Amino acid sequence: MERVNPIKQAGVALVLIFLSVAGAIIGIQLITTIGVTPNTSIIGALFAMLLARIPLQAFRRYRSIEIQNLAQTAISSATFGAANSLLMPIAVPWALGEPQLVLPLFCGVSAAMLLDAWLLYRLFDTRVFPASNAWPPGVAAAEAIKAGDKGGRQAWLLVVGIVGGVVGAMLKIPMSAFGTAFIGNIWALSMLGIGFLLRAYAQPVAGIDINALYIPHGVMVGAGLVALIQVVMVIRSRKNDALVVSRNGNEISRALGLGSVGYILISALLALAGGLWSEMGVVMLLLFILYAAFAAFAHELIVGIAAMHSGWFPAFAVALITLIIGILIGFPPLALCLLCGFTAATGPAFADMGYDLKAGFILRGNGADLQQELWGRRIQLIAAMIAFVVSIPLVWYAHTFFFADNLLPPVARVYAKTIQAGAEPGIAANLLMWAIPGAIIQLTGGPKRQLGVLLATGLLINNAMAGWAVVVGIALRIVIIRIWGERGRSPMEVMAAGFIAGDALYSFFHSLFASSSKK
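Below, the structure is looked at part by part. Since the structure is predicted, the reported quantities are computational estimates derived from the model, not experimental observations.

Remarks on the overall build of the chain
Scanning the chain from terminus to terminus reveals 20 helices and 0 strands. Against the 2.2 N^0.38 benchmark of 24 Å for 519 residues, the chain shows a C-alpha radius of gyration of 22 Å, consistent with a compact globule. By its C-alpha atoms, the chain is 65 × 55 × 50 Å across when sized along the principal axes. Sorting the 519 residues of the chain into buried and exposed places 58% on the buried side. Taking all contacts inside the chain whose residues are at least 6 apart in sequence as the whole, residues at least 24 apart take part in 86%. If you sum the accessible surface of the chain, you get close to 20,900 Å²; carbon and sulfur atoms cover 68% of it. Between the mean site of the 32 positive side-chain charges and the mean site of the 21 negative ones, the chain shows a separation of 7 Å.

Overview of the environment of Arg53
Topologically, Arg53 is positioned in the loop between helix H2 (41-52) and helix H3 (65-95). Under the relative-accessibility criterion, Arg53 is labelled exposed at 56%. Considering only alpha carbons, one finds Arg53 and Gly207, 154 residues apart in sequence, at a separation of 57 Å.

What about the packing of H2 against helix H5 (residues 136-150)?
Packing of H2 against H5 brings their axes to within 9 Å, and their N-to-C directions diverge by 15°. In terms of their interaxial angle, H2 and H5 are classed as roughly parallel. Along this stretch, H2 crosses H5, giving a crossing that reads as right-handed. Facing H2, whose interface residues are Ser41, Ile42, Ala45 and Met49, H5 presents Ala140, Ala141, Ala144, Ile145 and Gly148. For the contact of H2 with H5, the residue count by class is 7 nonpolar, 2 polar and no charged.

So, the packing of helix H14 (residues 348-363) against helix H15 (residues 370-404)
Two elements in contact, H14 and H15, have axes separated by 10 Å at closest approach and are oriented at 140°. One way to sum up the angle between H14 and H15 is to call them oblique. Between H14 and H15 lies a crossing of right-handed hand. Of H15, the residues touching H14 (which contributes Ala349, Met353, Asp356, Leu357, Gly360 and Phe361) are Glu373, Arg377, Gln380, Leu381, Ala384 and Phe388. Considered class by class, the residues forming the contact of H14 with H15 number 7 nonpolar, 2 polar and 3 charged.

Here's the deal with the packing of aromatic side chains
How two aromatic rings sit relative to each other is set out by the distance from centre to centre and by the angle between their planes. All chains considered together, the criterion is met by 18 aromatic pairs. Here the aromatic rings of Phe124 and Trp135 are separated by 5.9 Å at their centres, their planes lie at 50°, and the arrangement is tilted. Of this pair, Phe124 sits in the loop between helix H4 (102-123) and H5 while Trp135 sits in the loop between H4 and H5; the two residues are 11 residues apart in sequence, bridging distant segments of the chain. On the basis of relative accessible area, Phe124 is assigned to the buried category, the value being 0%. Here Trp135 falls in the buried class, since its relative accessible area comes to 0%. The interplanar angle of 65° and the centroid separation of 5.4 Å between the aromatic rings of Tyr263 and Phe297 together place this pair among those described as edge-to-face. With Tyr263 in helix H10 (residues 249-273) and Phe297 in helix H11 (residues 282-310), the pair connects residues that are 34 residues apart, well separated along the chain. The class for Phe297 is buried, based on a relative accessible area of 10%. The rings of Phe124, Phe129, Trp135, Phe350 and Tyr355 are connected pair by pair, giving a single aromatic cluster.

Description of the side chain of Ser85
In this structure, Ser85 sits in helix H3. By relative accessible area, which is 0% here, Ser85 ends up buried. Once you skip the residues sitting within four places of it in the chain, Ser85 turns out to touch Phe80, Val109, Met113, Ala345, Pro348 and Ala349.

A word on the nonpolar core
Core analysis: the biggest nonpolar cluster contains 184 residues, and Ile90, Phe129, Tyr263, Leu276, Phe288, Tyr415 and Val453 have the highest contact counts within it. Of all the elements, H11 adds the most residues to this core, at 17 residues. Residues contacting Phe129, with those up to four places away along its chain left out, are Leu123, Phe124, Trp135, Leu301, Gly304, Ile305, Met308 and Phe350.

Concerning the pattern of salt bridges
Two side chains of opposite charge can pair, provided their charged atoms sit close to one another. Under the counting rule described, the total for this entry stands at 6 salt bridges. The closest approach of N and O atoms between Asp125 and Arg377, which form a salt bridge, is 3.5 Å. Of this pair, Asp125 sits in the loop between H4 and H5 while Arg377 sits in helix H15, placing them 252 residues apart in sequence. For the residue pair Asp125 and Arg377, the accessibility class agrees, reading buried in each case. A salt bridge links Arg247 to Glu251; its shortest N-O distance comes to 3.3 Å. You can call Arg247 buried: its relative accessible area is 8%. Residue Glu251 is classed as buried on the basis of its relative accessible area of 19%. Each of Asp125, Arg364, Glu373 and Arg377 takes part in one network of salt bridges that share partners.

A closer look at unusual backbone geometry
Where the residue is not glycine, phi is negative for most of them; where a peptide bond is considered, it is trans in most cases. Even without being a glycine, Lys172 presents a positive backbone phi close to 70°. As for its placement among the helices and strands, Lys172 is situated in the loop between helix H6 (152-170) and helix H7 (175-180). Residue classification places Lys172 among the exposed positions, given a relative accessible area of 60%. Despite not being glycine, Gln450 has its phi angle at roughly 55°, a positive value. Note on placement: Gln450 falls in the loop between helix H17 (427-449) and helix H18 (451-460). Overall, Gln450 belongs to the buried group, its relative accessible area being 4%.

Notes on the side chain of Ser391
Locating Ser391 in the fold gives a position in helix H15. Engagement of the side chain of Ser391 in a polar contact is seen with the backbone oxygen of Ala387, the distance being 2.8 Å. The residues touching Ser391, leaving out its near neighbours within four places in the chain, are Ala24, Ala78, Ala82 and Leu86.

A closer look at a nonpolar patch on the surface
Taken together, the side chains of Trp156, Val159, Val163, Val167 and Leu171 define a hydrophobic patch exposed on the protein surface, amounting to about 520 Å² of accessible area. Structurally, Val167 can be placed in helix H6.

The rules we used
Residues numbered from 1 in each chain as written. Predicted model: local features only at pLDDT ≥ 70, side-chain atom pairs only at ≥ 80, totals over all residues. Heavy atoms only, no water. Helix = DSSP H or I, 4+ residues; strand = E, 2+ residues; numbered from the N terminus. Rg over C-alpha atoms; globule rule 2.2 N^0.38 Å. Buried < 20%, exposed > 50% of the residue type's maximum accessible area, 1.4 Å probe, protein only. Contact = heavy atoms within 4.5 Å. Areas by Shrake-Rupley, 256 points an atom, 1.4 Å probe, with all protein chains shown as cover. Lys, Arg positive; Asp, Glu negative; His and termini not counted. Charge placed at Lys NZ, Arg CZ, Asp CG, Glu CD. Axes fitted to C-alpha atoms, helices over the stretch in contact; angles between N-to-C directions. Parallel < 35°, antiparallel > 145°, perpendicular 65-115°, else oblique. Left-handed = near helix turned anticlockwise from the far one by under 90°. Nonpolar A, V, L, I, M, F, W, Y, C, P; charged D, E, K, R; others polar. Phe/Tyr/Trp six-rings, centres within 6.5 Å; stacked < 30°, edge-to-face > 60°. Core = buried A, V, L, I, M, F, W, Y, C linked by side-chain atoms within 4.5 Å. Salt bridge = Lys/Arg side-chain N within 4 Å of Asp/Glu carboxyl O. Polar contact = N/O pair within 3.5 Å; in protein donor to acceptor, adjacent residues only side chain to side chain. Patch = residues over 30% accessible without salt bridge, like charges linked within 9 Å, V, L, I, M, F, W, Y side chains within 5 Å.

Here it is, written out as structure tokens:
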């Protein structure tokens, strides 16, 4: 059977480029004005659906769910790529007063972003990142596209969910967290909810500021290190279990090996272009290159694991942890600046690519036709790469104007202040002390549940409402399954996808209006 690449059609390619430009502009504008990057997947799918409604022959092709999937892949890749992987990292040297580092860092993070997305493509639907896991925003995008295509009862359930998501978001309820509670692993999400609640109530109830004591950071260090060891153990394991994946352990090893070499090369080139050879001795320089590559890889995998199970990815917090460890090692400020930007660039594109591939996986029949699934995945990668390539010159052109007006992502200022402040007394002891329970919890849950990583993710985010939303959602999920059994699972998950989609839509338009009002 001949497989057709829809991107070869000029009309489709132009739409993907247009959506990539739009996504990049949206990401740049929002991260610099209000500090957030909304999920634009649903917007891309809706745009393709609207094109399909135009009563002209040329627009009939956009009724294809495959092309709608490519549209949402392109716009979300451009949004996260431009904002999180490109603009935010290069704002760190600018905030530090080191503008000469912007160009070398921009070249490094551009390469890291492309490698990041390629690695997720190679690791998706392996035993490390199974397609059958939650990837909640991907489920939401797929259900929206399916509902627009088929209509019927499922479409109405989705519409009800979207309305509920919008209304809940207007009432300041984190509906994406609520919806995720019906889709993801219950154990992992329970730990996420507990983490949210502990972070929110530790100070008002017990008078303990767990963030100031670096407890969440320590828990993530311990859980993250164990998670990395578990990744290696999963790759090396020959155990046969019920998990069906499309890529075997050899392909995982090959991808991780190539990724390791890629990150070492990027970190070495960053060190060279950034002039670190004049700041550090040979031993310290080699240590920087190896640590930067390891930190970038670890950041990517930990963020990917959290995103896969919960739909949340703590990219800022995990990058901050790698920065703090770099400070404790004793790297000079210029090296820390490059390290921070480099590690922060990995993760967002990785996680977002997972969401997009999950949406495609559902739309292509959950892997029923393996060859069709692998082909569709490859086309999605091409769409994402088009978006990233479009984003690179756009960000380089736009950054001069935004930075000249002192419009920097707030997170970049936090990184810069952390570098300027240096190591605070007691950080190392606290990180080591709290790494132990983090490691134990992660070890107890195993690689399938990722309890430690999800607990640390919750502890790093101060959001009490998200904690209650997760807890209430899990309780309702248990009640629904108890009463209706498996019959209730599908409608429940469709409506949950609607909650997530509605929250994303409200977040997107609310952020746009908030951004325009700040001009």
